[in-house]
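Observations on the model geometry
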Amino acid sequence: MTVLVVVVALVVAIATYLTWLARRLDRLAARVSDASGGLITQLVARADAAAQLAECCGLDELAASAARARAGYPALLAGAPLNAAVELAENALSRSLRSVEVAAAGQRFPIELHAVDSGAARVALARQFHNDAVRDQRALAGRRVVRVLHLSGRCPPPGYFEIDDALPLREEPWPRLVEGSVRGADAPGREDRPGHDGPLGHDDRPGLAS
Amino acid sequence: MKIGLACPYPWDVPGGVQVHVRDLAEALLAAGHEVSVITPVDDEQTLPSYAVDAGRSLPVPYNGSVARLLMGPVSAARVRRWLREHDFDVLHVHEPTAPSVSLLACMLADGPIVATFHTANPRSRVLTAGQRALQPSFEKLRARIAVSEAARRTLVEHLGADAILIPNGVAAARFADARPLPDYDDGRPTVAFLGRIDEPRKGLDVLLAAMPQLTARIDDARLLVAGPGDAAAVRARLDPRLRSRVELLGLVSDADKPRVFASGQVYCAPNTGQESFGIVLLEAMAAGTAVVASDIDAFRRVLDDGHAGRLFDVGDPARLAATLADVLTDPAGAAGLVRRGRVVVEAYDWRTIAERIVGVYQMVSGDRRVSLAST
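Each chain carries its own residue numbering, running from 1 in the direction its sequence is written. Lettering for chains starts from A, numbering for ligands starts from 1, and both go in the order in which the items are written. It should be noted that, the model being predicted, local features are given only for residues of pLDDT at least 70 and side-chain atom pairs only at 80 or more, the latter also being counted only at that level, while totals for whole chains, interfaces and linings use all residues.

Regarding unusual backbone geometry
The phi angle of most residues is negative, glycine excepted, and most peptide bonds adopt the trans form. All names here are of chain B. Backbone geometry at Asp-87 places phi at a positive 50°, although glycine is not the residue there. A positive phi is found at Asp-304, a non-glycine position, where the angle reads about 55°. Exposure classes come from backbone-placed C-beta atoms, where a residue is buried if 20 or more other C-beta atoms lie within 10 Å of its own, exposed if 12 or fewer do, and partly exposed in between. Judged by local crowding, Asp-304 falls into the buried class, with 20 C-beta atoms found within 10 Å.

Description of the confidence of the model for chain B
On average, residues of chain B score 89 in pLDDT, and 95% of them are at 70 or above. For this predicted complex, the interface score ipTM comes out at 0.75, while the overall pTM is 0.75. Along the chain, pLDDT gives the predictor's confidence residue by residue, from 0 to 100.

A few points about the sheet that holds strand 10 (residues 164-165) of chain B
All names here are of chain B. One requirement defines pairing of two strands: DSSP has to find at least two bridges between them. Each helix is a run of H or I in the DSSP string that is no shorter than four residues. Each strand is a run of E no shorter than two, and both are numbered from the N terminus. Overall, parallel pairing links the seven strands, which are arranged 3-2-1-6-8-9-10 in an open sheet. Bordering the open sheet on either side are strand 3 (51-53) and strand 10, each of which pairs with just one other strand. Bridge analysis of strand 1 (residues 2-6) against strand 2 (residues 34-39) gives five bridges, and the strand direction is parallel. Counted as the bridge partner of Leu-5 is Val-37 from strand 2. Contact between residues is assigned whenever the C-beta positions, reconstructed from backbone atoms, fall within 7 Å. Here an axis means a line fitted to C-alpha atoms, over the contact stretch when the element is a helix, while the angle between two N-to-C directions is reported on a 0 to 180 degree scale. Running at roughly 175° to strand 2, helix 2 (residues 73-86) makes contact with strand 1, strand 2 and strand 3 of the sheet.

Details of the domain arrangement of chain B
All names here are of chain B. Bear in mind that the domain bounds are from an automatic or database domain assignment. By domain assignment, chain B separates into domain 1 (2-169 + 350-369) and domain 2 (172-348). Taken together, the contacts link 14 residues of domain 1 with eight residues of domain 2. Put simply, the parts of the chain that give the side of domain 1 that touches domain 2 at least two residues each are helix 5 (149-159) and helix 14 (350-365). When residues in the side of domain 1 that touches domain 2 are grouped by element, the largest group, three residues, is from helix 5. When residue character is reported, Ala, Val, Leu, Ile, Met, Phe, Trp, Tyr, Cys and Pro are called nonpolar, Asp, Glu, Lys and Arg charged, and the others, Gly included, polar. Its residues placed into classes, the side of domain 1 that touches domain 2 shows six nonpolar, seven polar and one charged.

Quick look at the packing of helix 7 (residues 204-217) of chain B against helix 12 (residues 317-329) of chain B
Residue and element names in this part refer to chain B. Across the interface, helix 7 lies against helix 12 with an axial gap of 8 Å and an inter-helix angle of 50°. It follows that helix 7 is oblique to helix 12 by the angle criterion. Like other packed secondary-structure pairs, helix 7 and helix 12 cross with a definite hand, here right-handed. For the pair helix 7 and helix 12, contact is made by Val-206, Leu-207, Ala-209, Ala-210, Gln-213, Leu-214 and Arg-217 and by Pro-317, Ala-318, Leu-320, Ala-321, Leu-324 and Ala-325, respectively. In the contact of helix 7 with helix 12, the residues fall into eleven nonpolar, one polar and one charged. Here roughly perpendicular refers to angles of 65 to 115 degrees, roughly parallel to angles under 35, roughly antiparallel to angles over 145, and oblique to all remaining angles. Rotating anticlockwise by less than a right angle from the far helix to the near helix defines a left-handed crossing, while the corresponding clockwise rotation defines a right-handed one.

Notes on the nonpolar core
Each nonpolar core reported here comprises buried Ala, Val, Leu, Ile, Met, Phe, Trp, Tyr and Cys residues connected via C-beta atoms within 7 Å. In terms of nonpolar packing, the biggest core is built from 153 residues, with B:Phe193, B:Leu281, B:Val291 and B:Leu324 touching the most fellow members. Ranked by residue count, the leading element in this core is helix 1 (residues 2-57) of chain A, at eleven residues. Inspection of this core shows a minimum of three residues originating in each of domain 1 (2-169 + 350-369) and domain 2 (172-348) of chain B. Aside from chain neighbours lying at most four places away, what touches B:Leu281 is B:Ala269, B:Val291, B:Ala293, B:Phe299, B:Val302, B:Leu303 and B:Gly309.

Considering the sheet that holds strand 14 (residues 266-269) of chain B
Sheet strands line up and pair through hydrogen bonds in the backbone, either parallel or antiparallel. Residues and elements named next belong to chain B. Taken in spatial order, the six strands of this open sheet run 13-12-11-14-15-16, and their pairing is parallel. Both edges of this open sheet fall to strand 13 (246-250) and strand 16 (310-312), since each of them pairs with a single strand only. Going across the sheet, the axis of each strand differs from the next one's by a mean of 25°, ignoring polarity. As defined by bridge partners, strand 15 (residues 290-294) adjoins strand 16 across three bridges and the pair is classed as parallel. Pairing of Ser-294 across the sheet is with Phe-312, part of strand 16. In this fold helix 10 (residues 279-286) packs onto strand 11 (190-194), strand 14 and strand 15, with an angle of close to 160° to the strand it touches most, strand 15.

A few points about the packing of helix 10 of chain B against helix 13 (residues 331-348) of chain B
Residues and elements named next belong to chain B. Viewed as axis vectors pointing N to C, helix 10 and helix 13 meet at an angle of 120°, and their least axial separation amounts to 9 Å. Viewed along their axes, helix 10 and helix 13 adopt a mutual orientation that is oblique. The two elements helix 10 and helix 13 cross, and the hand of that crossing is left-handed. On helix 13, the residues touching Leu-282, Met-285 and Ala-286 of helix 10 are Gly-341, Arg-342, Val-344, Val-345 and Tyr-348. When its residues are assigned to classes, the contact of helix 10 with helix 13 shows six nonpolar, one polar and one charged.

A word on the pairing of strand 6 (residues 90-94) of chain B
For a regular strand, side chains alternate in direction, first toward one face of the sheet and then toward the other. All names here are of chain B. Most of strand 6 sits inside the fold, with five of its five residues counted as buried. A two-sided burial pattern is seen for strand 6, the buried positions comprising Val-90, His-92 and His-94 on one face and Leu-91 and Val-93 on the other. Across four bridges, strand 1 lies against strand 6 in parallel orientation. Paired with Ile-3 across the two strands is Val-90, which belongs to strand 6. Inspection of the sheet shows strand 6 paired to strand 8 (residues 113-117) by four bridges, in the parallel sense. Note on strand 8: the bridge partner recorded for His-92 is Val-114.

Some details on the pairing of strand 15 of chain B
Residues and elements named next belong to chain B. Of all five residues that make up strand 15, five are buried, and the element is covered over most of its length. Side chains of strand 15 alternate between two faces, with Ala-290, Val-292 and Ser-294 and Val-291 and Ala-293 buried alike. Here four bridges tie strand 14 to strand 15, and the two strands are oriented parallel to one another. Of the residues in strand 15, the one forming a bridge with Ala-269 is Ala-293.

Following this line, the structure appears as structure tokens:
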């Protein structure tokens, strides 16, 4: 009798554990699929913005790499995986976006350039979300019990999406007051450094100006 | 968007995370979003209309201070009901490493969940030991935000996950037009301090030790100390000659906080470490007060490497006294610090910060909504 109770309890415990693992795997699969959907959305938006900038500035190289990236999107949107070919096309687009011509054209079309830059920043974020999700998914799917019991199904695990999405260096996100670090300098007050201190502003707080 | 915010610490106990959640909620509401906050609270009357009570919390000593925690069937039921009733587009949990409402919400919900990590703690035993236990909850997080580089590093080291850096905001408008407190509007050279007076890490002792040298240089210099703690004990330790120069105000109301900053020509933050972010520095700068702070990473960043406020060697009363005296005797220099401080504050204004956070929400929400996790 006792043996039976123990066996039943054990079976229930194991079944509960496995169900719980399977739920986690389902949840992670959903997260990965949402994240790759989000990443594709951002890639499309970046390429659209790039194509627009290329068109209004007559930038042939950018137009070509944007067109090449956009050619792959119908398949991606229909569910094709984010594979090495996509990575190549997106890398080429990243490189074109960092070119000197683009920076120069941006002087004349700041709104279009801003659209491209914020699109690129969102691609970098979306890629981070995607790769985080893939990493969590792979960590769980790699556990022995999951592999032996084929709990995560037979589909190959999703891959990381690795592209060079370093943002073009333009101005700082907000104005820095002085370039460079002053760590190790003798004293913290650098009132006399040229270039950052305009004429004294009017200050209306009592006690400071007296 | 419909946004649910989970706050782990009691709403009516002063603390950085609570202030962050309140200001974020109010900035999101002002931007036209629907917001509900769930939080522990000791006195339910103190809750604003957008917040929901998750129950009373339990004080537990943790990591050198007192953590107030809340995990139990009653709170779990409340969190579950809150999730069910609101049908959020995104759930944003704060400090989910604390065993409280945020972690509960994380365990009970499914869908677009974002987490913000506030603590910087290079050797957290709880995080190291709890990593495996937390993983099932943390693998639901679709985006992680860290409020500081130090908090981000802690996360990378303990949980092996990266995070987006979005700093704390400051409700700049609330501080901008502050007037000095009535008794301190006399233009006497005044240094203001704000923080727990019996918490060694806040560094009040360093500042008190600097006072004799400061008053030696500036005869009528005065120190204004605002913050909770045992005032009698501090007064007893005080050098008798300083008694007339150090004013202990005790705990000040939120409404009076800007006025404390405005009562000083200088705000001093002599913290001796373990600060992940210098929100109080930004508040002082928003109030138009020059800042002198210890040279720790978080403060150096906020003060733009020392250009928007002066830094001094951590825990060094002599350097502190010299720096304070410099600022108090150089009105033009102080005005420069104040002016550059205002430029820094703009980038941290809650309107700017909330916009960046909404950008993250939009990226993770997609067409899925927050639901109750099947258990």
